[in-house]
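Structural characterization, general
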Amino acid sequence: MIWRFVHRWLGLVAGTLALVLAITGTMLALEPLRNALQAAPTESDLPLATLVERVKSTVPGAEEIRHLPSGIFVVYAFENGQARAIRVDPADGKILGDYQASLLPRWVKNLHRTFLMDDPGRITAAMVALAMLTLSVSGLVLLLRRMGGWRGLTGPVRGTLPQRLHVLSGRVILLILALSSATALYMSASTFELITLSPSTEPEVSSQATGQPPLPPGQIDLLQTLRVQDLQRLNLPTHEDPQDTWRVLTVQGQGWADQYQGQTLAWEPSTLAQRLYDWILLLHTGDGAWLWAIFLGLSAACIPLFWYTGILMWWQARRSRPTLKGNSPLAQADSLIFVASEGGSTWGFAQALHDALKAMGRQVHTTTLENWRVPPTARQVYILAATYGEGQPPAHAQKALKQIASQPPTDAQVAVLGFGDRQFPDFCGFANTLEHALRERGWKPLLALERIHQQSPQEFARWGRSLSDALGQAVPLAYQPRLPRMATLTLLSRQDFPGATGQPAVILRFALPDQPVPRFAAGDLLGVLPPGEQSVPRYYSLASGKQDGFVEICVRYTSGGVCSPYLHRLQIGDQIQAFIRPNPGFTLTGSRSPVVLIGAGTGVAPLAGFIRDNRRHRPMYLYYGTRDSKRDYYFEKELKDWQTQGHLHQLHTSFSRMPDGGGYVQNAVQRDAQQIRTLLEKGALVRVCGSRPMAQAIRQELDTILMDMGKNLAWLKENGRYAEDLF
C-alpha cells in the first residue's frame, strides 16, 4: 500500500522538524489572543479622514498608521528625534500606550519561519510543509480505510492504546494540519516570488505644490471615501518633501493622493493573489480571529502526541518482527512460511512455527507474503495472514493475490491461518480471500482455514494440534507472547455456585495492587498466569472498572484445565500474578444511547460490570440466560439491587433446565423482538457475551429483527453498535 509507505517514512523523516513547527506554532497562537485583548472597538463606518484628524491631534509627529489584523491601531511617529510606536483608540485618537510587537521572543518566530537559518531555513520550512501536506493526505486515506469510509469516520476506534491515540489525535488535527501546510506553502511561494502578489512597479506620482499649505485630511477625496475598517496601512506625507503624497493600503487595493489639491493620483485594486494571501494569512496565524487562533494552538499542541504515537507504533512493529535463525534457502526448503502482518505481531507466531518445523527436521524458509514463490521442492506451505481495517490486506501484501494468481499450483499442500478481531465486520477477511483464491487456483489444502482472535495463544495452540494430526507428527509449537508488566492481586472475597451440571463457578474479587495500574473498564480482560504456565496467560472478562476499586471476574471450572482449577482453589488472602489487557472493541463508549446486553452463563460478568458502572442511569436492558436459578444465577442479588437503583432498566432471565424457565436467552430475544427493534431504531448498542453457539443464535435473531428495518447485522457492526466477546 503506497499510502502507508509514504505516510510512515514521511512521518519518520520529517516528523522531528514538524514537531519544532508545532511547538513554536502553539506558542505563536497566543499572540492573536493577546492582541485581541488590547484592541479598542472601532466604528463600523468611520472615514479615514476622521481617524487621521484624531490621530494628528494627539500624536503631532505621526508618519504612519497601521491597522493590525487583531484590530489594534498603531501610530509610528518621531518625537524629539526618537521613533515611537503608539497604540491609539480610533474613537478619539487617545493614546493607549506604547506598542510592543510581541511578548514572545523574536527568535520563536524566526525558529518557526526559518529554523534560524534565513533563506536555507525558509526552504527547509517549505519542504517540511510539503511533507506535512502529503502526510495529511496519506493519513486521511489510511483513516478512511481503517474506519470503513466517511460514514464510519467518527465511529469507535479499535486497536492498541498507541493506535487508538494516534487515530483519535489524527481525527482532531488532520484537516487543520493539511490547512496549515497548504497555507504555509502559499506564503513560502510568495516569499520566494513564485507568486506575484502585487505589481512590481508603482505608479510615478507626486504632489504638485500650489504655494498654499497642504489640505486638511477632511478635504482629501481618498481619505473621505475609504473606511477605517478596511485600512491596513496609511502613510502621511512629510512636510519636508513637497512632492510626497498620501498613500493608503486597504483590503480593496492601494491609492495615492495629492496633499495640496486633494485629488486621487492613482489607484491599484488588490490582485486575486493578494486577496487570497490575506485570507491565507488569517487561516495560518489566526491573527484577527482569536477563537480560530486558540483552535489552531490546541490542534498544534496535539501534534507531539500524534508524532509520539506514530513513532511508538513504528518501533513496536519493528521490535515484534523477529530475526529468524536458520532460514533455509528457498530452493532447498520443503516447508514454506509466508507472513502478512500490518503491525508485526504475527511474526511472533511465524517464528514459533518456524522453530517447531526446524525441530522436526524440516528445511524451512520464512518470508513475507509478497515474496510468494513455491519451488517444486516444497511439500507444505503455511500462510499466516493478518487483516487490516475492514477486511483489507496489510500494506506490504497488497500485490500478494496477483503473485499467487501468476504462479500455477504445485504438489505442495497449503494451510492458511488468519489473524484478526471478531469485533470487525469482516473478521479475518484477508485470510478468507486468500483461502478462496488458493482453492480457485487448485492448490491442495493441508488444513481448513482457521482464524485467530486477538492474537490468542490458546487458539494458536489448538491450531497446532490440528496441524500435528494432519502431518502425523507432533508439532512442538512453543509460542511465548510478550506479556505486559505483571501485578500482584490479593483475593478479597469469593462467591461459589455449584452449577447445574456439575460445573461449579466462582466470582472472585481482588484488591487493586499497591503499584499503579493502567485505567481499565468493565469488558476489558484480566490475563492470569497460573503457576508453571508462565508463557501462556488465560483471559477472563472483567466485571469491574478501576473506579470500582477492585478487580472482579467470574470463572467456571473446566475439568482438565490449567487455570480454572487453580483459581477455584484460591482462598481469601491468596495472591495471583495478572495483568490488564484492553478490549476496546467491546467496552462501552460514554453516550446516552440505550444498550441491549445479551449474555449466558459466566458471560454475564462484563455485562454486570457495565450495569454496575451505569451511574448516569443510561437505559440498559439485560437478557440473561443460564441453566438453574438456584445453582448458577450469577450476580443475582446485585442485578436486582441495580435494577432498584436505576442502573438497570429491565432484566429478562431465562433458565433452560427449569420447568417454565423460558428456554434459552435467544428465545427471550425472539419474544421481545418488537421492543428490541424499537431500541435499535433509537440507536441502541448491542453487546453479546458467552459461548459461540449462543452468539450464533443471537445473530440470527438480530438479523431477523433488523430485516424488518431494511438493515442487517453487518450494518450494525459497521456503525460500531454491535460487539461480542466469546469463549
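Provided above is the structure to which this section pertains.
Quick caveat, the model's predicted, so the values are computed rather than measured.

1. Some words on the packing of helix α6 (residues 161–191) against helix α8 (residues 272–285)
Between α6 and α8, the shortest axis-to-axis distance is 9 Å and the interhelical angle comes to 135°. Taken together, the axes of α6 and α8 are oblique relative to one another. Handedness of the crossing formed by α6 with α8: left-handed. Between α6 and α8, the contacting residues are L179, S180, T183, A184, Y186, M187 and S190 on the first element and A273, L276, Y277, I280, L281, L283 and H284 on the second.

2. Digging into the packing of aromatic side chains
Under the counting rule described, the total for this entry stands at 11 aromatic pairs. Judged by centre distance (6.5 Å) and plane angle (85°), the rings of Y382 and W463 are edge-to-face. A residue pair is termed long-range when its members are at least 10 positions apart, and Y382 in strand β11 (residues 380–386) and W463 in helix α13 (residues 457–471) qualify at 81 residues. When its relative accessible area of 0% is taken as the criterion, Y382 is described as buried. In textbook terms, an aromatic cluster arises when at least three aromatic residues are bridged by ring pairs, as seen for F349, Y382, F419, F460 and W463. Above the face of the F550 ring, R509 is positioned so that its terminal group lies 3.8 Å from the ring centre. Taking the ring centre of Y539 as reference, the NZ or CZ of R581 above it sits at 4.8 Å.

3. Concerning the pattern of salt bridges
Scanning the model with the defined rule gives 17 salt bridges in all. The partner of D708 in a salt bridge is R677, and the shortest N-O contact between them spans 2.8 Å. Here D708, found in the loop between α19 (692–707) and α20 (713–718), pairs with R677, found in helix α18 (residues 673–681); they are 31 residues apart in sequence, far enough to count as distant. Of the residues examined, D708 reaches a relative accessible area of 54% and is grouped as exposed. For R677, a relative accessible area of 14% gives the class buried. The network of salt bridges with shared partners includes R509, E552 and R612.

4. A few points about unusual backbone geometry
Located in the positive-phi region is E193, a residue other than glycine, with phi close to 60°. Summarising the element assignment, E193 is placed in the loop between α6 and α7 (221–225). Its identity is not glycine, yet F635 carries a phi of approximately 60°, on the positive side. Relative to the helices and strands, F635 is located in the loop between β22 (620–626) and α16 (636–645). On the accessibility criterion, F635 (0% relative accessible area) is buried.

5. Focus on the side chain of S654
Among the secondary structure elements, S654 is positioned in strand β23 (residues 650–655). The exposure class of S654 is buried, given its relative accessible area of 1%. Setting aside anything within four residues of it in sequence, one finds S654 in contact with Y624, G625, T626, G661, G662, G663, Y664, V665, A668 and R671.

What counts and what doesn't
Residues numbered from 1 in each chain as written. Predicted model: local features only at pLDDT ≥ 70, side-chain atom pairs only at ≥ 80, totals over all residues. Heavy atoms only, no water. Axes fitted to C-alpha atoms, helices over the stretch in contact; angles between N-to-C directions. Helix = DSSP H or I, 4+ residues; strand = E, 2+ residues; numbered from the N terminus. Parallel < 35°, antiparallel > 145°, perpendicular 65-115°, else oblique. Left-handed = near helix turned anticlockwise from the far one by under 90°. Contact = heavy atoms within 4.5 Å. Phe/Tyr/Trp six-rings, centres within 6.5 Å; stacked < 30°, edge-to-face > 60°. Buried < 20%, exposed > 50% of the residue type's maximum accessible area, 1.4 Å probe, protein only. Lys NZ or Arg CZ within 6 Å of the ring centre and 35° of its normal. Salt bridge = Lys/Arg side-chain N within 4 Å of Asp/Glu carboxyl O.

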